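Each chain, letter by letter, is given below.
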Amino acid sequence: MQQIINVLIKNKNFVVFISLLIFSFFFIESQSFYHETKLNSYRTSLSGKVFKLNSLFKEYISLKEQNEALFEENKKLKEIILNKESFKYSSNEEKNKYKIINAKIIKNNIKSSRNFIVLDKGKKDGVKKEMGVISSKGIVGIVNSVSENYSNVISVLNRDLSINAKHKKSNAFGSLSWNGLNPERLQLFDIASINILNAGDTIITGGMSTYFPEDILIGRIIDYDITKENGYYDIEIELSNSIGNLNTVYIIDNKDKDEIKGFE
Amino acid sequence: MLNDNFQLIKYFFVGIIFQVIFFESWSFLGYFNPFFYIIYLLIYRFDKSQTKLIFTSFLLGLILDLLTNNPGSNTIACLSVSYVRPFLINFSFGISGNSISSILSKSKIESRLLFIGLVILIHHLIYFLISYFSALAIINIIKSTIINGVLSFIVLIISFEFIKKK
């Protein structure tokens, strides 16, 4: 306290000057409407900047919550899209053919030729074996095993996985798999050479399996070749999804799956 | 000592009276007029308390603002000059500044003119900045500072010559 007083005494001229200057500004404000308006506008501009900084900080703090909210909203929108073809989307979730479960990736690997992904949702969240997993950009894999709180997904980057896919333009079906080499490229087989293909054509899910609904993006053709012996194309596809960079995914629950499986 | 204080009080009131009665109504080219009351800020002895100068300058500006219906430009301009005055003395008179006790003391004429010029420039600049209080009026601020400054400079130089002769 003594030190503060000493500093104030030492700088008394400055203290007196600042005090009187502040008083002068109050005096100006009370005397002139013009100066009052100007000072008010400066104050508003200054406080606006402070509030903006404050709001930026608050926004940053609440980013996680906002992300969760957007993720939840995306889930609802995905449900609407997947159920759109029959115009059967209902706010009553029980009536919809597809149900979406949000999940976060807690472990992901793309280095092996048989890659698996671990998700933070399990049996208690409604995840079951053989459910399809997609992201906002395309397919990711199929649920392989489920525990109470976690699930293990066979990634599309797994040599053992084969997915039904189709060429969007010609509607020709084929079988999609990975050769275990480049994590951005998949191979599509069994499309008859009678169909006309072009580099850049879109490949989507075929809907012939119960894992994925129809028309979910897989990727684009970057190269193709005709196998002379059997008359089928060997197609190289660039994956729309960058599997290694994913954080959040959607698990698709096809409610008719058990019924369809009954016929197989 | 008593005489010094009396002299200061005299210039304090003479400055106000001359400014309000004579120089405020006298205008050059319509709206330019000299600021005679600055004489108090110039004539205040260099070796006297600065705190006292800050208080009295504030009071001088405040009285002028009230009498001339000004929002507060005189107060802030006088207050600012009274605070920076020691720096201006050092700058104008250099190392010999410590041995000079007043602007009326014997010193180099160019140092005295520089000191008067700087005090006028800072006072006028702050005065017009506060009066216009807008960045858009920067041309007007500079113009008014220069023209009024020249007028004030002339009036104050004549006044000092008159005081010295007396």
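Preceding this section is the structure that the text describes.
Residues numbered from 1 in each chain as written. Chains lettered and ligands numbered in written order. Predicted model: local features only at pLDDT ≥ 70, side-chain atom pairs only at ≥ 80, totals over all residues. Heavy atoms only, no water.

What am I meant to see in helix α3 (residues 50–67) of chain B here?
Since the α-helix packs 3.6 residues into each turn, any two residues three or four apart lie on the same face. Residue and element names in this part refer to chain B. With 18 residues, α3 should reach 26 Å at 1.5 Å per residue; the first-to-last C-alpha distance of 25 Å fits that figure. Among the residues of α3, those classed as buried are Gln50, Thr51, Leu53, Ile54, Ser57, Phe58, Leu60, Gly61, Leu62, Leu64 and Asp65. The N-cap of α3, judged by a side-chain oxygen 3.3 Å from the amide nitrogen of Thr51 a few residues on, is Ser49. With its phi angle positive at about 60°, Asn69 sits one or two positions after the end of α3. (Helix = DSSP H or I, 4+ residues; strand = E, 2+ residues; numbered from the N terminus. Expected span 1.5 Å × (residues − 1). Buried < 20%, exposed > 50% of the residue type's maximum accessible area, 1.4 Å probe, protein only. Polar contact = N/O pair within 3.5 Å; in protein donor to acceptor, adjacent residues only side chain to side chain.)

Any chance you could explain the pairing of strand β1 (residues 98–108) of chain A here in plain terms?
For a regular strand, side-chain orientation follows a simple rule: the groups alternate between the two sheet faces. All names here are of chain A. Two elements, β1 and strand β12 (residues 248–254), share seven bridges in a ladder whose sense is antiparallel. Note on β12: the bridge partner recorded for Ala103 is Val249. The sheet contact formed by β1 and strand β2 (residues 114–119) spans three bridges and is antiparallel. Pairing of Asn108 across the sheet is with Ile117, part of β2. Linking β1 back to β2 in an antiparallel pair, the connection comprises five residues. (Pairing = 2+ DSSP bridges.)

Quick question: what am I supposed to make of the sheet that holds strand β10 (residues 217–227) of chain A here?
Hydrogen bonds between backbone atoms are what pair the strands of a sheet, whose relative direction is either parallel or antiparallel. Residues and elements named next belong to chain A. Reading around the circumference, β6-β7-β8-β11-β10-β9 is the order of the six strands in this closed barrel, with antiparallel pairing throughout. Between one strand axis and the next, the sheet turns by 40° as a mean value, whatever way the strands run. Pairing geometry for strand β8 (residues 185–192) and strand β11 (residues 232–239), over six bridges, is antiparallel. Across the sheet, residue Ile191 finds its bridge partner in β11, namely Tyr233. (Axes fitted to C-alpha atoms, helices over the stretch in contact; angles between N-to-C directions.)

Teacher, can you tell me more about the packing of aromatic side chains here?
How two aromatic rings sit relative to each other is given by the distance of their centres and the angle of their planes. A full pass over the atoms with the stated rule returns 18 aromatic pairs over all chains. Taking 4.4 Å as the distance between ring centres and 10° as the angle between the ring planes, the aromatic pair formed by Phe17(A) and Tyr83(B) counts as stacked. Of the two residues, Phe17(A) sits in helix α2 (residues 12–31) while Tyr83(B) sits in helix α4 (residues 73–93), which places them in two different chains. Joined through ring pairs, the aromatic side chains of Phe12(B), Phe13(B), Tyr40(B) and Tyr44(B) make up one cluster. Here Lys10(B) stacks its cationic end above the ring of Tyr11(B), 5.2 Å away from the centre of that ring. (Phe/Tyr/Trp six-rings, centres within 6.5 Å; stacked < 30°, edge-to-face > 60°. Lys NZ or Arg CZ within 6 Å of the ring centre and 35° of its normal.)

For this particular structure, what's the right way to read the nonpolar core?
Within soluble globular proteins, side chains that are nonpolar generally end up buried alongside one another. Core analysis: the biggest nonpolar cluster contains 54 residues, and Ile38(B), Leu42(B), Leu60(B), Phe115(B) and Phe160(B) have the highest contact counts within it. Every element with two or more residues in this core is listed here: α2 of chain A together with α1 (2–23), α2 (39–43), α3, α4, α5 (109–132) and α6 (138–165) of chain B. For this core, the element with the most residues is α5(B), which contributes nine residues. Not counting residues up to four positions away in its chain, the partners in contact with Ile38(B) are Val119(B), Ile120(B), His123(B), His124(B) and Leu156(B). (Core = buried A, V, L, I, M, F, W, Y, C linked by side-chain atoms within 4.5 Å. Contact = heavy atoms within 4.5 Å.)

Is there a simple way to think about the pattern of salt bridges in this case?
Side chains that carry opposite charge are capable of pairing whenever their charged atoms lie near each other. Residues and elements named next belong to chain A. Per the stated rule, a full pass over the model turns up seven salt bridges over all chains. Across the pair Asp160 and Arg114 runs a salt bridge, and its minimum N-O distance is 2.9 Å. Here Asp160, found in the loop between β5 (151–158) and β6 (163–167), pairs with Arg114, found in strand β2; they are 46 residues apart in sequence, far enough to count as distant. For Arg114, a relative accessible area of 42% translates into the label partly exposed. With its nearest N and O atoms 3.9 Å apart, the salt bridge here joins Lys166 to Asp215. Of this pair, Lys166 sits in strand β6 while Asp215 is found in the loop between β9 (202–205) and β10, placing the two residues 49 residues apart along the sequence. Taking relative accessible area as the criterion, Asp215 reaches 46% and is therefore assigned partly exposed. (Salt bridge = Lys/Arg side-chain N within 4 Å of Asp/Glu carboxyl O.)

Sorry if this is basic, but what is going on with a nonpolar patch on the surface here?
Residue and element names in this part refer to chain A. A cluster of nonpolar side chains, Met1, Ile4, Ile5, Leu8, Ile9, Phe14, Val15, Ile18, Ile22 and Phe26, forms an exposed patch at the surface whose accessible area comes to about 970 Å². Considering each element in turn, the nonpolar patch owes the most residues, five residues, to α2. Among the structural elements, Phe14 can be located in helix α2. (Patch = residues over 30% accessible without salt bridge, like charges linked within 9 Å, V, L, I, M, F, W, Y side chains within 5 Å. Areas by Shrake-Rupley, 256 points an atom, 1.4 Å probe, with all protein chains shown as cover.)

Would you mind showing me how to read the environment of Ser112(A) here?
Residues and elements named next belong to chain A. Along the polypeptide, Ser112 turns up in the loop between β1 and β2. Given the relative accessible area of 27%, Ser112 is considered partly exposed. For the pair Ser112 and Gly180, spaced 68 residues apart in sequence, the C-alpha to C-alpha distance is 7.5 Å.

Would you mind going over α6(B) with me for this structure?
Across its 28 residues, α6(B) extends 40 Å between first and last C-alpha, which sits within 8% of the 40 Å expected from 1.5 Å per residue. What α6(B) keeps buried is the set Ile141(B), Ser144(B), Thr145(B), Asn148(B), Gly149(B), Leu151(B), Ser152(B), Val155(B), Leu156(B), Ser159(B), Phe160(B) and Ile163(B).

Can you walk me through the sheet that holds β12(A) in this structure?
All names here are of chain A. Spatial ordering of the closed barrel is given by β1-β2-β5-β4-β3-β12, a layout of six strands whose pairing is antiparallel. Along the sheet, successive strands turn relative to each other by an average axial angle of 45°, direction set aside. In the packing of helix α4 (residues 63–82) onto the sheet, the strands contacted are β1, β3 (132–134) and β12, and the crossing angle to β1 comes to about 135°.

Looking at this structure, I do not really get the side chain of Arg85(B). What am I missing?
Residues and elements named next belong to chain B. Secondary-structure assignment places Arg85 in helix α4. Look at Arg85: it is buried, it has no salt bridge, and the nearest opposite charge is Asp47 at 7.4 Å. For Arg85, the side chain forms a polar contact with the main-chain oxygen of Tyr44, separated by 2.9 Å. Contacts of Arg85, omitting those with residues within four sequence positions, involve Leu41, Leu42, Tyr44, Arg45, Phe46, Leu53 and Phe115. (Lys, Arg positive; Asp, Glu negative; His and termini not counted.)

Please clarify how the interface of chain B and chain A should be interpreted in this entry.
Often, the extent of an interface is quoted as the loss of accessible area upon association of its parts. If you look at the interface, chain B gives 21 residues, while chain A gives 19 residues. A combined buried area of about 1,800 Å² lies between chain B and chain A, and 76% of that area is made up of carbon and sulfur atoms. It is Pro71(B), Tyr83(B) and Phe133(B) in chain B that bury the most area against chain A; as a group they hold 35% of the surface buried on that side. At the boundary of chain B and chain A, one finds zero salt bridges. Taken together, the links from chain B to chain A amount to four residue pairs in polar contact (both at pLDDT 80 or more). The set of elements that each furnish at least two residues to the side of chain B that touches chain A consists of α3, α4 and α5 of chain B. (Buried area = accessible area lost by both parts, 1.4 Å probe.)

Function cannot be inferred from these measures alone, as they are strictly geometric.
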